[in-house]
Amino acid sequence: MTQTAKNEMSLKKTTTPSPDVDHEKGTISPLPENVELNQLGYTEELCRNRSVLTLLFQTLAMAAIPFGEGSPLLSAIYGGGQLSIFVGWIVVCLLDQCIAFSLAELASRYPTSAGPYYWTFQICRGNKATISFINAWIWLIGNWTITLSVNFGLASMLSATISNYDSSWSANSWQLLLIFYAICLTSLIICIYANNYLPQVDTACAAWTALTILVILIAVSIKSETRHSPSYTLTHYDTSLANWGGFTFFIGLLPAAFTFSAIGMISSMAEECSNPAIKVPRAIALSVPVGGTAGLFFIIPLCATLPPLTEILTAPAGQALPYILTRVMGPAGGLALSVLVLVIAFCCSISITVAASRSTWAVARDDAIPLARLWAQVSARHGVPVWSLILVTGIQMLLGLINLGSSSAFTAFVSVGVMALAAAYAIPIFLSLWHGREEVSSAPWNCGGLVGRVVNVVALAWIAFELVLFSMPTALPVTAVSMNYASVVFVGFMAISAVWFAVYARKSYKGPPESDALT
C-alpha cells in the first residue's frame, strides 16, 4: 500500500471537500490542511465551507456591535456616561487588539478546533494533562455562559422593546424565561439544519450591522431634539451614579469589554476552513479594528443625544438602548430601530451557538467531559456535532431557571462568560511568553519577537484587570440584589470540574493528542 493510500484511509471524514487529484499518476492526495490536521493528532470530520471573510464576518456577528455595546449599556451609564462610553471604547479596542494578536499567533501555530486548551497542552512542559484539563473546563464555562448571556440579553432587549412601545405590558420572570427558551431552541434548529448556509448568514449579518449603524446614525442625528456640544458628547463624566469615585470610569468599560470578549472563539472554527493557519489568525487580528471603527459610528451619535443619565437608569428590563432610542425617536421610531438591533442580536445568537458547540465537541473529542463519546459524535446526515449543540442549548436552558429565583445571580453569568474566556486566553499566552515564545515563533502568522512580547504582556495585564473588574458590583453601596456573584458562580463551575477530575479524569484523561506539527 502506498503512503498516499495510507493517508487517504487515515482521513475518517463524514463530509469533506474535494481532494487534489493527480491525473497523470491516477492518485488522490489529501488536502494540505487535512495533512496538517493529522499532524496535530486529529482526522477531518467537519466540512470546510468557510473563508477568511466569512470567518471575519462570524467574529463580527459574535461581537454584534450595536447589541454587544447596547445590551449592557446601563453599566456605562453607571460608569459616568459619555466619557466612559467613548474613551472607554477606544481604550478597550486597543487593549483587546493585543489579546487578538496574541491569540492569532497561537491559532496559527496550532490550527485546530480544540483552541486554547490544546495550545496549553502543547506549550506546557510539566503536568500537561492536568493544566490542559483545567483550561478545557474554563474554556467551556466561558463558551457556555457567554452564549447564555447573548441569548438572555436578546430576550431582555426584546421584552424591553415591547415595553417601551406599549407601556402597559411588562414581562414577568416566567414570560422572560419562555422568550429565552424560544430563542435558544430556534437557534438550535437553525444551527443543525442550516449549517451549509451559515457562512451566508454571517455575511448578511455583517451587511445588516453596517446598515443598522448607518440608519441609527442618521435617524438619531436628525430626529433628536437634544444635541449635546462636542465637548459634552465626548467628555461628560458623572461619578455620582455608581459612587465609585475615580474608579467609576472603569465600570464604564464593561460594555466594550463584553462586546469583544468572544474574539478567540473563532478558533473553534479552524477545522471548517481551508488553510486555517493563515485564515483564522487573519480573522482574529482584523476583528477588533474593523469592529472598533464601525462601533465609533454607533456610539458617537448616541453620546450626542443621550437623555439625562438618571432617567436611563429606570429603563425597562435594565436595557438602556431601547429606552434611549424610544426617547429620541418616539415609540414608533424607537421600535423600528430596536428591531434592526434585535435582528443583529439573533444572528449573534446563531453564530456564537455554532462556535460554542464546536468548542464543546472538540473538548469531548479528547474525553474531558462526562459522556464524551456522545457529545463528540458528528452527524453524518447534518455534518455537524448535533449532540454538542443540544448540550450547549440544554445547559443554557437549565441555567436560565436561576433567573426565576434571583435576577442578580443570573446577571453574574454575563460577567462569568467574560472572565472565563479571558482566563482561558491568558493561560496559553502566559505559557508561551514564559517559554520564550518558542512555539509561536515558527507559526506562519506571528508578530515577531519584540512586538510579540509587548502585545503578550499588555494582553496579560489587561486580562488580569478584567478578572477584577468583572467581579465588582456596578454601584455602591452593595446590597444582596446589587452584589456581583460572578466569582461565586465561577468557583462553583470549577468545583464541578474538580469533582469530575477526581472521579474519572484523573486516571483516564490523557490530554489532546501529541502534535507532530511542522516546525
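Structure's up top.
All values reported here derive from a predicted model rather than from experimental measurement.

S.K.: I tried to follow the state of the cysteines on my own but got confused; where do I start?
M.R.: Where two cysteines share a covalent bond between their sulfur atoms, that bond is called a disulfide. The full count for this structure, using the stated rule, is zero disulfides. Just so you know, Cys-47 is unpaired, no disulfide at all, and the nearest cysteine sulfur is the one on Cys-273, 11 Å from it. Sulfur of Cys-191: no disulfide; nearest cysteine sulfur belongs to Cys-184 and is 11 Å away. With a relative accessible area of 1%, Cys-191 lands in the buried category.

S.K.: When you look at a nonpolar patch on the surface in this model, what are you seeing that I'm missing?
M.R.: Together, Trp-174, Leu-398, Leu-401 and Leu-404 give the surface a local cluster of nonpolar side chains, amounting to about 410 Å² of exposed area. Position of Leu-398 among the secondary structure elements: in helix α18 (residues 386-400).

S.K.: I'm lost on the environment of Ala-486 in this one. Help?
M.R.: Within the secondary structure, Ala-486 is located in helix α22 (residues 486-508). With relative accessibility at 0%, the residue Ala-486 sits in the buried group. When the C-alpha atoms of Ala-486 and Gly-417 are compared, they prove to be 9.0 Å apart, with 69 residues separating the residues in sequence. Filtering out sequence-adjacent residues up to four positions away, Ala-486 remains in contact with Ala-412, Ser-415, Val-416, Met-419 and Phe-470.

S.K.: For this particular structure, what's the right way to read the pattern of salt bridges?
M.R.: Considering all chains together, one arrives at eight salt bridges under this definition. Of the charged contacts, one joins Arg-50 and Asp-202 as a salt bridge, the two residues approaching to 3.0 Å between their closest N and O atoms. Of this pair, Arg-50 sits in the loop between α2 (32-39) and α3 (52-63) while Asp-202 sits in helix α10 (residues 198-223), and the two are 152 residues apart along the sequence. When sorted by exposure, Arg-50 lands in the same class as Asp-202, which is buried. Arg-358 serves as the salt-bridge partner of Glu-272, at 2.5 Å between the closest nitrogen and oxygen. With a gap of 86 residues between them, Glu-272 in the loop between α13 (254-259) and α14 (276-305) and Arg-358 in helix α16 (residues 320-365) connect regions that are remote in the sequence. Neither residue differs from the other here; Glu-272 and Arg-358 are each classed as buried.

S.K.: Just checking my understanding: could you explain the side chain of Ser-379 for this structure?
M.R.: One can find Ser-379 in the loop between α17 (372-375) and α18. Taking relative accessible area as the criterion, Ser-379 reaches 18% and is therefore assigned buried. In terms of polar contacts, Ser-379 uses its side chain to reach the backbone amide nitrogen of His-382, at 3.1 Å. Not counting residues up to four positions away in its chain, the partners in contact with Ser-379 are Val-384 and Val-386.

S.K.: Before we go on, may I ask you to explain the packing of aromatic side chains in this structure?
M.R.: What characterises a pair of aromatic rings is the spacing of the ring centres plus the angle enclosed by the ring planes. As enumerated under the stated definition, the model contains 19 aromatic pairs in all. Measuring from centroid to centroid gives 5.9 Å for Phe-180 and Tyr-181, while their planes differ by 40°, and the two rings are tilted. Looking at Phe-180, the relative accessible area reads 0%, which means it is buried. Between Trp-500 and Tyr-504, the aromatic rings sit 4.8 Å apart at their centres with planes inclined by 25°, giving stacked as the arrangement. Linking Trp-500 with Tyr-504, this pair stays in helix α22, spanning four residues, or about one helical turn. Judged by relative accessible area, which is 18%, Trp-500 ranks as buried. A residue is classified by how much of its surface remains accessible, and Tyr-504, at 29% relative accessible area, is partly exposed. Through a chain of ring-to-ring contacts, three or more aromatic side chains come together here, namely Trp-244, Phe-247, Phe-249, Phe-250, Trp-462 and Phe-465.

S.K.: How should the environment of Phe-490 be read in this particular structure?
M.R.: Positionally, Phe-490 belongs in helix α22. Sequence spacing of Phe-490 and Val-416 is 74 residues, and the spatial spacing of their C-alpha atoms is 6.1 Å. When sequence neighbours within four positions are dropped, the list of residues in contact with Phe-490 reads Ile-138, Val-416 and Ala-420.

S.K.: Would you mind going over the packing of helix α9 (residues 173-193) against α16 with me for this structure?
M.R.: Describing two packed helices takes the angle between their axes plus the distance from one axis to the other. Across the interface, α9 lies against α16 with an axial gap of 9 Å and an inter-helix angle of 60°. Regarding the angle of α9 to α16, the classification is oblique. You can see that α9 and α16 cross each other, and the crossing is right-handed. Here α9 contributes Ile-183, Thr-186, Ser-187, Ile-190 and Cys-191 to the contact with α16, which in turn contributes Phe-346, Ser-349, Ile-350, Thr-353 and Val-354. Here the contact of α9 with α16 is composed, by residue class, of six nonpolar, four polar and no charged.

S.K.: Even after reading the chapter, I still don't get the nonpolar core, so can you show me in this structure?
M.R.: Taken as a class, soluble globular proteins show a tendency for nonpolar side chains to be buried jointly. In this structure, Met-265 and Ile-312 are the most contacted members of the largest nonpolar core, which totals 166 residues. The residues contacting Ile-312, other than those within four sequence positions of it, are Leu-74, Ile-77, Leu-306, Pro-307, Ala-320, Tyr-323 and Ile-324.

S.K.: It is not clear to me how unusual backbone geometry should be interpreted in this structure. Could you clarify?
M.R.: Only a minority of non-glycine residues have a phi that is not negative, and only a minority of peptide bonds are not trans. Between Leu-476 and the following residue, Pro-477, the backbone shows a cis peptide bond with an omega angle of 0°. Turning to its location among the elements, Pro-477 is positioned in the loop between α21 (449-469) and α22. At Asn-127, a residue that is not glycine, the phi angle is positive and equals roughly 55°. Tracing the chain through its elements places Asn-127 in the loop between α7 (116-123) and α8 (128-165). According to the relative accessible area criterion, Asn-127 is exposed, its value standing at 61%.

Cut-offs used in this document
Residues numbered from 1 in each chain as written. Predicted model: local features only at pLDDT ≥ 70, side-chain atom pairs only at ≥ 80, totals over all residues. Heavy atoms only, no water. Disulfide = S-S within 2.5 Å. Buried < 20%, exposed > 50% of the residue type's maximum accessible area, 1.4 Å probe, protein only. Patch = residues over 30% accessible without salt bridge, like charges linked within 9 Å, V, L, I, M, F, W, Y side chains within 5 Å. Areas by Shrake-Rupley, 256 points an atom, 1.4 Å probe, with all protein chains shown as cover. Salt bridge = Lys/Arg side-chain N within 4 Å of Asp/Glu carboxyl O. Helix = DSSP H or I, 4+ residues; strand = E, 2+ residues; numbered from the N terminus. Contact = heavy atoms within 4.5 Å. Polar contact = N/O pair within 3.5 Å; in protein donor to acceptor, adjacent residues only side chain to side chain. Phe/Tyr/Trp six-rings, centres within 6.5 Å; stacked < 30°, edge-to-face > 60°. Axes fitted to C-alpha atoms, helices over the stretch in contact; angles between N-to-C directions. Parallel < 35°, antiparallel > 145°, perpendicular 65-115°, else oblique. Left-handed = near helix turned anticlockwise from the far one by under 90°. Nonpolar A, V, L, I, M, F, W, Y, C, P; charged D, E, K, R; others polar. Core = buried A, V, L, I, M, F, W, Y, C linked by side-chain atoms within 4.5 Å.

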